[in-house]
Amino acid sequence: MDLQNIKQFYVPLSNYQLGNLIGSGTSANVFQAKNQITSEVVALKIFKSNFPDESSKKQFEREIQTMAFFDHPAILHLKGFSIPAQGTHETATIATEFM
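Conventions we followed
Residues numbered from 1 in each chain as written. Predicted model: local features only at pLDDT ≥ 70, side-chain atom pairs only at ≥ 80, totals over all residues. Heavy atoms only, no water. Core = buried A, V, L, I, M, F, W, Y, C linked by side-chain atoms within 4.5 Å. Buried < 20%, exposed > 50% of the residue type's maximum accessible area, 1.4 Å probe, protein only. Helix = DSSP H or I, 4+ residues; strand = E, 2+ residues; numbered from the N terminus. Contact = heavy atoms within 4.5 Å. Phe/Tyr/Trp six-rings, centres within 6.5 Å; stacked < 30°, edge-to-face > 60°. Salt bridge = Lys/Arg side-chain N within 4 Å of Asp/Glu carboxyl O.

K.L.:
Got a sec to walk through the nonpolar core? Specific residues and values, please.
P.N.:
Formed by I6, A28, F47, F60, I64, M67, L78, F81, A92 and I94, the largest nonpolar core amounts to ten residues. Elements that contribute at least two residues to this core include exactly α1 (54-69) and β4 (78-82). It is α1 that provides the largest number of residues to this core, a total of three residues. Here I6 is in contact with I64, Q65, A68 and F81, once residues within four sequence places are set aside. Within the second largest apolar cluster, eight residues are counted, among which are V11, Y16, F31 and L44.

Take a look at the structure:
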């Protein structure tokens, strides 16, 4: 998949101010967060670790592409995402509308 097509959704994790934890799963925690640039409140999914293998990374990329492509009431609207630079301690994130 070519992430260039959805590059306009890239938002670094540092742009968000974390709020309350609203959910937790085996691979990620979800926080209410505020984009400090736009003041928009979002649900921010922060993965607990970087991609352990190529298939995990591809699954993440498909999830982003699906949310960016479809406009349907049953699919959360993508507000942003980040993929950490190689060798950093950050993990991938997905920001969606906060419901």
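Now that the structure has been shown, we can carry on.
K.L.:
Tell me what's going on with the packing of aromatic side chains, and back it up with residues and numbers.
P.N.:
This structure, assessed with the given rule, holds three aromatic pairs. Arranged with centres 5.8 Å apart and planes meeting at 85°, the rings of Y10 and F81 form a pair that is edge-to-face. A residue pair is termed long-range when its members are at least 10 positions apart, and Y10 in the segment before β1 (16-24) and F81 in strand β4 qualify at 71 residues. Taking the centre distance of 4.9 Å and the plane angle of 90° together, the rings of F69 and F70 count as edge-to-face.

K.L.:
Describe the pattern of salt bridges, listing the residues and the values that go with them.
P.N.:
What the rule picks out here adds up to three salt bridges. Between K79 and E40 there is a salt bridge, with the nearest N and O atoms lying 3.2 Å from each other. Placement of the pair is K79 in strand β4 and E40 in the loop between β2 (28-35) and β3 (41-47), with a sequence separation of 39 residues. In this structure, E54 engages K58 in a salt bridge whose closest nitrogen and oxygen atoms are separated by 3.7 Å. Of this pair, E54 and K58 both sit in helix α1, four residues apart, which is roughly one turn of the helix.

K.L.:
Any chance you could break down unusual backbone geometry for me, citing the residues and the numbers?
P.N.:
Apart from glycine, the bulk of residues carry a negative phi angle, and the bulk of peptide bonds sit in the trans form. Even without glycine at this site, S39 takes up a positive phi of about 65°. Residue position: S39 is located in the loop between β2 and β3.

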